[in-house]
Amino acid sequence: MGNINAAADLSVEGNIGIITLDSPPVNALGADVRDGLAGAVDKAVADPAVEAIVLICAGRTFIAGADISEFGKPPRGIGLHEVQAKIENAPKPVVAAIHGTALGGGLEVALTAHYRVAVPSAKLGLPEVKLGLLPGAGGTQRLPRIVGAAKALDMVTSGTPIGAKAALETGLVDELAPEGELRSAAVAFAQKIVAEKRPLKKVRDLEVKGGSPELFAEFRKANARKFRGFEAPEANIKCIEAASGLPFDEGMKRERELFMGLMTGVQSAAQRYVFFAERQAAKIPNLPEGTATRPINKVGVIGAGTMGGGISMNFLSAGIPVTIVEMKQDALDRGTGIIRKNYENTAAKGKLTAEGVERNMGLLTASMSLDDLADCDLVIEAVFEQMDIKKEVFGKLDRIAKPGAILASNTSYLNVDEIAAATSRPQDVVGLHFFSPANVMRLLEVVRGARTAPDVLATAMEVAKKIGKVAVVAGVCFGFIGNRMLSSRQREANKLILEGAMPWDVDRVLYDFGFPMGPFQMADLAGLDIGWSKEKSRGETLRDRLCEIDRRGQKNGAGFYDYDEKRNRTPSPLVEKMILDFAAEKGIARRAISDEEIVERCIYPMINEGAKVLDEGMAYRGSDIDIVWINGYGWPVYRGGPMFYGDTVGLQTVLDRLNHYRATQGDDFAPSPLLEKLAAEGGKLSQYAAK
Ligand code: 3HC
Ligand code: NAI
């Protein structure tokens, strides 16, 4: 016996053949694994000494799915369906032994086994929808045959895995094995099956329960908002419908057709790209592998306002003690009160226990003195966005913080190098730009100053992962990656409403593009008076004028829109008139503006600005920019981010349209040299990496 190939091994213990797959890091079903698995099943079936087969994986997990990096490439090795047929049709019982995550193709392989055993910590799921796909190896046809149509619908359209205990309750798992003893428990289970002469249980022979037309109609209706814009959820629903209404083999055909439709589409290409882009963003070029990081066991936060509170929650939730410092007692009380309220709300939703609330709050120390930050390993400043104040705070911090402590600023726009220069240790200073609400949004821009030390950068990335953020490194420039690009969109949105569109037109078009909301809705939500001062306001912008008549946004019921008590919005006739007057005053002749122009004017300058960010080395890779936009600004993941979208439209087309608008709108549209170069070479922004 022994090795079948580099990825698979067959050994025999008594009357049980044990197939072990070993293909780090996650035993994905690449050609080697498929070939090895098929060979091992053949051999075990042919061996008269083997009466039952256990399929188990080495390393940290059971098969985590198809090998996504193979998608779109010419097929190699044996097909997955063929391997599955060998397992399902084996004349001896096959038991899948599951630890870690049985995901996608991994769970689909397990579903062709006759029995499944799992350790309690294992998770089982079909996450294909997150890659813009559906389970294409019989998952949509077999899963509902065990768990019923309703549960299957939920699992395939959310992509969220279930734990082994829940799997046991639904029958997806036949028996739980003690943690750490999977192999021996699975072998014992297989021996029991043989001794009891249990039948070869084929999932395909079961009937789907609960697949009524009403179930599907209601499910579609209830989730319409959540699935808006995405193709994959609907295709997944259709498959479960097919499983409910058609014989197994016909259902499989339907699954195949729908799978191929998604696989060849732009949305899945975008979502698969994002999967790898997110993992790529964690890697810092030129940083030696294994750069030692600094231990972060205690965190200080300065400022208990909108951001400071949310930032603190990230660490408290991860079990890291936080000292939060304010200059005003009432602000401190308000800030810590909001933290508690947020945790209590989470608890009310059943997502945190009452003890959990107290445990987290017990890690928080509130203080009015910066001196209390002396023993912190990391201090994050989140005070007002004013350079003089930030410099003063960093100067004081420099005298207080212990040597080696990392000093971070949450500034949105300011120059991190200038802030660092207020200290005697610029190598320890870094930008940590969280997004609001900071306890919810996944993005963290890590701003690398000119003198930020490599281990500080590496520590920031590590900490980000620990608190569940997706971190992207940005260079020092106005607004870093995200806000810098947002400014170009905002500039055009503001121009468009003077030239002929209305705020609700721009918002509708960007909502339809896939954003959760448009720029004017967002402005109303954030508050129009952010950064606005009554004393200095001279009615120079529309925003000034709105604030001057106390239209400050959603919070006081009036902004670009009118709001009712339930915060439902309607276009404001008053604002419409103000816009018309303002345009007339400025001598702008209004004209009809098409939806297409709104998309081009708002999105293409962002692509252009992204190219400039790349050209200046302010982002390492085009894909990092896409990760910023997807995780920080609600860019629709099925469009892959602004760089990927530019590539999809075609860089030459983007360039032509920028030049077209430049002729009428001026140099705001001047194309980036990198964009011109890539368009000429047929290159791609999403694949671009700084040298
Ligand atoms: N194919 C190829 N590579 C994969 C992979 C896959 N299915 N899953 C993970 N990897 C790679 C990652 O890219 C990463 O590579 P890197 O180290 O070079 O960056 C490495 O494995 C480790 O991954 P993570 O950093 O994500 O490790 P975690 O421990 O945090 O998470 C995991 C492990 C939960 C398995 C997570 O990687 C994951 O969710 N993977 C994707 C699972 C999935 O979507 N499966 C379905 C695939 S589609 C399918 O099966 C189609 C079928 O129906 C026909
Ligand atoms: P905020 O006004 O809500 O809170 C700032 C808090 O800092 C106030 O409570 C104030 O009392 C306190 N403070 C001021 N000076 C202080 C000092 N010297 N010592 C201790 N506390 C002091 O402001 P917000 O919105 O939380 O912003 C903070 C920082 O985060 C700014 O730099 C801002 O640009 C940035 N930011 C804001 C985002 C947002 O959406 N609000 C998003 C990302 C970054």
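Residues numbered from 1 in each chain as written. Chains lettered and ligands numbered in written order. Predicted model: local features only at pLDDT ≥ 70, side-chain atom pairs only at ≥ 80, totals over all residues.

Under the annotation held in an unreviewed UniProt entry, the protein carries the name 3-hydroxyacyl-CoA dehydrogenase NAD-binding domain-containing protein and is attributed to Sphingoaurantiacus capsulatus. In the Catalytic activity (unreviewed entry) part of its UniProt record, the protein is described as follows: "a (3S)-3-hydroxyacyl-CoA + NAD(+) = a 3-oxoacyl-CoA + NADH + H(+)". Per its UniProt entry, the protein bears the Pathway (unreviewed entry) comment "Lipid metabolism; fatty acid beta-oxidation." (UniProt positions renumbered as here; feature names shortened; annotations may be inferred.)

**Student:** Go over the site of ligand 2 with me, naming the residues and quoting the values.
**Tutor:** Close to ligand 2 lie 24 residues, the nearest being Gly 303, Gly 305, Met 307, Glu 385 and Ser 436. Of all the elements in the fold, those that place two or more residues in the shell around ligand 2 are α12 (306-317) and α15 (387-400). Counting residues per element, the shell around ligand 2 draws most heavily on α12, which supplies three residues. Split by residue class, the shell around ligand 2 holds 13 nonpolar, eight polar and three charged. (Near = placed C-beta within 6 Å. Helix = DSSP H or I, 4+ residues; strand = E, 2+ residues; numbered from the N terminus. Nonpolar A, V, L, I, M, F, W, Y, C, P; charged D, E, K, R; others polar.)

**Student:** Which residues make up the environment of Ile 19, and what values do they have?
**Tutor:** Along the polypeptide, Ile 19 turns up in strand β3 (residues 16-21). Taking C-alpha positions, Ile 19 is 7.6 Å from Leu 37, a pair spaced 18 residues apart along the chain.

**Student:** Break down the sheet that holds strand β9 (residues 162-163) for me, citing the residues and quoting the values.
**Tutor:** Within the open sheet, the three strands sit side by side as β6-β8-β9. Their pairing is mixed. Every interior strand has two partners, whereas the edge strands, β6 (101-103) and β9, have only one. Here β6 runs beside strand β8 (residues 123-125); their pairing, made up of three bridges, is parallel. If you follow Ala 102 over to β8, its bridge partner there is Leu 124. (Pairing = 2+ DSSP bridges.)

**Student:** Can you lay out the UniProt feature "domain: 3-hydroxyacyl-CoA dehydrogenase NAD binding" (unreviewed entry) in the protein for me, pointing to particular residues and giving the numbers?
**Tutor:** The UniProt feature table records "domain: 3-hydroxyacyl-CoA dehydrogenase NAD binding" (unreviewed entry) at residues 298-474. Helix makes up 41% of residues 298-474 and strand 20%, whereas the separation of the span's terminal C-alpha atoms amounts to 25 Å.

**Student:** Kindly report on the sheet that holds strand β12 (residues 322-325), identifying the contributing residues and their values.
**Tutor:** In spatial order, the strands read β13-β12-β11-β14-β15-β16-β17-β18; together these eight strands make up an open sheet with mixed pairing. Either end of the sheet is taken by a strand with one partner, and the two such strands are β13 (364-367) and β18 (470-474). Neighbouring strand axes in the sheet, compared pairwise and without regard to direction, differ in orientation by 25 degrees on average. (Axes fitted to C-alpha atoms, helices over the stretch in contact; angles between N-to-C directions.)

**Student:** Break down the domain arrangement of the protein for me, citing the residues and quoting the values.
**Tutor:** Domain parsing of the protein yields domain 1 (2-263), domain 2 (299-478), domain 3 (517-585) and domain 4 (595-681). If you average the C-alpha positions of domain 2 and of domain 3, the two centres end up 31 Å apart. (Domains from an automatic or database assignment.)

**Student:** Tell me about the confidence of the model for the protein, and name the residues and values.
**Tutor:** In the predicted model, the protein carries a mean pLDDT of 97, and the fraction of residues at 70 or more is 100%. In the predicted complex, the global pTM is 0.95; the interface-specific ipTM is 0.95. (pLDDT = per-residue confidence, 0-100.)

**Student:** So what's going on with the nonpolar core? Residues and values would help.
**Tutor:** By size, the foremost hydrophobic cluster in this structure holds 116 residues, and its most contacted members are Val 379, Val 430, Val 446, Ala 460, Val 472 and Ile 481. At nine residues, the largest contribution of residues to this core is made by helix α23 (residues 595-615). Apart from the residues lying within four places of it in its own chain, the contact partners of Val 430 are Ile 406, Ala 408, Val 446, Val 447, Arg 448, Gly 449, Thr 452, Val 456, Leu 457 and Ala 460. Of all hydrophobic cores here, the second largest spans 86 residues; its members include Val 41, Leu 55, Ile 56 and Ala 167. (Core = buried A, V, L, I, M, F, W, Y, C linked by C-beta atoms within 7 Å. Buried ≥ 20, exposed ≤ 12 C-beta atoms within 10 Å, placed from the backbone. Contact = placed C-beta atoms within 7 Å.)

**Student:** Outline the site of ligand 1, listing residues and values.
**Tutor:** Surrounding ligand 1, one finds 25 residues, the nearest of these being Ala 64, Gly 65, Ala 66, Gly 104 and Gly 105. Listed by contribution, the elements that provide at least two residues to the shell around ligand 1 are β6, α3 (105-110) and α11 (266-281). For the shell around ligand 1, the per-class residue count stands at 13 nonpolar, eight polar and four charged.

**Student:** Could you give me a rundown of unusual backbone geometry, with the residues and numbers involved?
**Tutor:** The linkage connecting Pro 24 with the following residue, Pro 25, adopts the cis geometry, with an omega of 0 degrees. Its place among the elements puts Pro 25 in the loop between β3 and α1 (31-46). The backbone phi angle of Asp 550 is positive, close to 65 degrees, even though this residue is not glycine. With respect to the helices and strands, the residue Asp 550 is situated in the loop between α21 (542-548) and β19 (561-563). One non-glycine residue, Arg 567, lies in the positive phi region at around 65 degrees.

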